[in-house]
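# An overview of the molecular structure
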Amino acid sequence: MDVAFLPQTIIQPRMQIAMIIVSAGRGQRAGGDVSKQMRLLAGKPVFKWSLDVSLAHPDVTQCVLVVPKGEETTYREHCPDHVYVVSGGETRTASVRAGLAACSVGDHDLVLIHDAARPGLTKTNISALTQAMLEADAAAPAIAVADALKRQTGGSVQDVDRTNLFRIQTPQAFRLGSIKRALESEKTYVDDLAAVEDQGGSVVLTEGSEQLAKITYPEDHARLEALLMPISPTPRLGTGYDVHALETGDQVTICGVSIPHTQSLVGHSDADVAWHALTDAILGAAALGDIGDHFPPSDPQWKGADSAVFLAHAVKLVETKGWALASCDITIICEAPKVKPHRDAMRTRTADITGLPLDAISVKATTSEGLGFTGRREGIAAQASAVLAPLTLSN
Ligand code: MG
C-alpha cells in the first residue's frame, strides 16, 4: 500500500512493535571476564541500556532478549517478568530466528532487531524507524562515511568515492512476516537488512549517531560510557536504624572501636549498633533487603561475629549490582559512653572496611536528654544514611 494516496482523514491503526535484542554473542574481542553485553557500563549491564529504553517506549509492545545458551537465568535476574528471554543459536542469524519465533505481534506489525552491544539506543531512534516503515520493507539507522576512503591493492593505494556510502547500525526494522520469510532459507546473512534485500525488499535509512556505535574493542566500552554517563542513574540514598540493649559489663563496640564502659551491648553478634545501622543503610539504598535477611540472628555462625563482616558484605554486594558506596553519615544516640573522643577512630575503622575516604565518613553523637530508653541508659540507638553512586569502573 502506498501511504501517499491515503486520504488525510483516515487514521491508521497503531502498529504494534516487538523489539528483539540480540545478546547471544560471546564478545571475545572486547576483553574482560564477562561477555561485553553483561559488562557494567555507567552502572548497569550493557544490554540493559537498550532494554530499558525499549521498555519505556510507548509503542513497543513486546521485548524479546536473545541470550547465550546456559545464561538464561543470569539475564532473567536483570529483567522484568514480561521480557521474553530466549536462547540464541550458533550464528547471529540462528539467534535472530529464535527471537522472531518468540514474537507475538502480527505478521504486518513491526519487529526491530537490535544488537545488545549498542547501548546508546534512544526512543527517538525507535520512533524514526517506525515512521520510516510507513513506506519501506526495512529501515535502519545509518551514518554517512566522513573519513576519506582508500583501497589498497598490492603496492598501490586508490581513492574510493565515499558519496552515498553509509555505516549501518541497529535496530533494523521489518514487518514480522517479511523478515521471517526472508530468513527461512538456510543462508547466513551479514545482517538482517541483507536478508530482506535478497528478497527484493526496499530499505530506507534513518539518522544514526555515534552514540549508537557498537562495542567491539575495550576502548569502545570506555568511549560509550563517557557518552552515556550524563544519563546514567542518579545516586541512591538509603537509611538504617538499629537498637541494642545495655547490660552490666565492661565495654561497648561501636563502629568497630571497643570503648571501656560500665555496661556492654547485648546482641547475637558483637552488637555494633552503628555498623548494623550503616549496613542496613547500604543494603537499603540498593533495595537489597536488610541485615537480618543476609545474616539471620538464628544462624549460630554469626554468634559473637565481628560486624565488619556484615558491613564489608553489604559494600561488596551493592558493587555486584552496579553501585559504589559514595558516602555515609552515622548518628549514635546514647547518654554514655562519651563518643566524641573515639569519633576519629570510628571513622578510620569505617574507612578500613568500606574503602571510603575519611572525608566521606561522618560519625556524630547525641543524647536524648534523659528521655526514653536511651535516656534511661537501657540501650544505645544508631541511625545511618548511605549514598550509592553508579559504579563507573570499566572492568
Ligand atoms: Mg543490630
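For the structure, see preceding data.
The rules behind the values
Per chain, residue numbering runs from 1 following the sequence as it is written. Where local features are concerned, this predicted model is filtered to residues with pLDDT of at least 70; where side-chain atom pairs are given and counted, the filter is 80 or more; whole-chain, interface and lining totals use all residues. By convention in this description, side-chain values take in all heavy atoms of the structure and omit both hydrogens and water. Each helix is a run of DSSP H or I of at least 4 residues and each strand a run of E of at least 2, with the numbering of both proceeding from the N terminus. Using C-alpha atoms as the atom set, the radius of gyration is obtained and then compared with a globule rule of 2.2 Å times the number of residues to the power 0.38. Accessibility here uses a 1.4 Å probe with only protein chains present; expressed as a share of the type maximum, an area under 20% marks a residue as buried, one over 50% as exposed, and anything in between as partly exposed. The contact criterion used is simple: two residues touch if any of their non-hydrogen atoms lie within 4.5 Å. In this charge count, Lys and Arg are treated as positive and Asp and Glu as negative; neither His nor the chain ends contribute. Charge positions are represented by NZ for Lys, CZ for Arg, CG for Asp and CD for Glu. Any carboxyl oxygen of Asp or Glu within 4 Å of a side-chain nitrogen of Lys or Arg constitutes a salt bridge here. Centres within 6.5 Å are what make two rings of Phe, Tyr or Trp a pair, Trp counting through its six-membered ring; a difference in plane orientation under 30 degrees is then read as stacked, over 60 as edge-to-face, and the rest as tilted. We call a set of buried residues a nonpolar core when its members are Ala, Val, Leu, Ile, Met, Phe, Trp, Tyr or Cys and they connect through side-chain atoms within 4.5 Å of each other. A helix is expected to span 1.5 Å for every residue after the first. The arc in question is the one traced by the directions running from the helix axis out to the C-beta atoms. Two strands pair under a simple rule: DSSP has to find at least two bridges between them. Here a polar contact means two N or O atoms within 3.5 Å. Within protein one must be a hydrogen donor candidate and the other an acceptor candidate, and residues neighboring in sequence count only if both atoms are side-chain atoms. Axes here refer to lines fitted to C-alpha atoms; in helices the fit is confined to the stretch in contact. Angles between the N-to-C directions go from 0 to 180 degrees.

Bringing the overall build of the chain into the picture now. Of the regular secondary structure elements, the chain holds 12 helices and 19 strands. For 395 residues, the compact-globule estimate of 2.2 N^0.38 gives 21 Å, and the chain exceeds it by more than 25% at 28 Å. Taking the principal axes of the C-alpha coordinates as reference, the chain spans close to 90 × 60 × 40 Å. A total of 395 residues make up the chain; the buried ones form 48% of that total. Intrachain contacts of the chain at a sequence separation of at least 6 include 70% that bridge at least 24 residues. With 35 positive and 46 negative side-chain charges, the chain shows a spacing of 3 Å between the two charge centroids.

Once that is clear, we can look at the pattern of salt bridges. For the structure shown, the criterion picks out 14 salt bridges. Across the salt bridge formed by E319 and K316, the nearest N and O atoms sit 4.0 Å from each other. Of this pair, E319 and K316 both sit in helix 10 (residues 308-320), 3 residues apart, which is roughly one turn of the helix. On the accessibility criterion, E319 (29% relative accessible area) is partly exposed.

So, on to the packing of aromatic side chains. Any pair of aromatic rings gets described here by the distance separating the centres and the angle formed by the planes. Scanning all chains against the criterion turns up 4 aromatic pairs. Ring centres of F295 and W302 lie 4.7 Å apart, and the angle between their planes is 85°; this geometry places the pair in the edge-to-face category. Each member of the pair F295 and W302 is classed as buried. The interplanar angle of 80° and the centroid separation of 5.8 Å between the aromatic rings of W302 and F310 together place this pair among those described as edge-to-face. Neither residue differs from the other here; W302 and F310 are each classed as buried. Through successive ring pairs, a cluster of aromatic residues spans F295, W302 and F310.

Grouped together as the largest cluster of nonpolar side chains are 43 residues, with contacts concentrated most on L278, I282, I330, I332, M346, I380 and L388. Among the elements of the structure, strand 14 (251-254), strand 15 (257-260), helix 8 (273-285), helix 10, strand 17 (323-333), helix 11 (343-354), strand 18 (361-366) and strand 19 (379-390) are those that each provide at least two residues to this core. A total of 9 residues in this core trace back to one element, the largest contributor, which is helix 8. Ignoring sequence-local partners within four residues, the contact set of M346 consists of I254, C255, V257, I259, I332, V339 and V363.

With 12 residues, helix 11 ought to run about 16 Å at 1.5 Å a step, and its terminal C-alpha atoms sit 16 Å apart, in line with that. When helix 11 is considered as a whole, its buried residues turn out to be M346, T350, A351 and T354. Buried residues along helix 11 cover an arc of 135° about the axis, so they all sit on one side. Facing away from the buried surface of helix 11 by more than 90 degrees, the exposed residues are D344 and D352. Lining the buried residues of helix 11 we find strand 14, strand 15, helix 8, helix 10, strand 17 and strand 18. Once helix 11 ends, the next one or two residues include G355, with phi positive near 80°.

For strand 1 (residues 17-22), a buried count of 6 out of 6 residues is recorded, marking the element as mostly surrounded by other parts of the structure. Side chains I17, M19 and I21 of strand 1 all project onto a buried face; the interleaved residues A18, I20 and V22 project onto the opposite face, where all are buried too. Where strand 1 meets strand 4 (residues 60-67), 6 bridges bridge the pair, whose relative direction is parallel. What sits directly across from I20, in strand 4, is V64. As paired strands, strand 1 and strand 6 (residues 110-115) are joined by 6 bridges and run parallel to one another. Along strand 6, the bridge assignment pairs M19 with L112.

Cis geometry marks the peptide bond from T170 to P171; its omega dihedral reads 10°. For C255, which is not glycine, the phi dihedral falls at a positive 50°. Secondary-structure assignment places C255 in the loop between strand 14 and strand 15. A positive phi is found at R377, a non-glycine position, where the angle reads about 60°.

Attention shifts here to the environment of M346. Here M346 shows up in helix 11. C-alpha separation for the pair M346 and T253, spaced 93 residues apart in sequence, amounts to 9.9 Å.

Here S269 shows up in the loop between strand 16 (263-265) and helix 8. Side-chain polar atoms of S269 contact the side chain of H276, separated by 3.4 Å.

Take the sheet that holds strand 17 next. Here 5 strands make up an open sheet; going across it, the order is 16-13-19-17-18 and the pairing mixed. Taken across any chain shown, the strands that pair with only one partner, and hence form the sheet edges, are strand 16 and strand 18. Mean inter-strand twist for the sheet, computed between neighbouring axes without regard to direction, equals 25°. The sheet contact formed by strand 13 (residues 236-248) and strand 19 spans 10 bridges and is antiparallel. Bridged to D242 within strand 19 is A382. Seen against the sheet, helix 8 touches strand 13, strand 16, strand 17 and strand 19 and runs at an angle of roughly 155° to strand 13.

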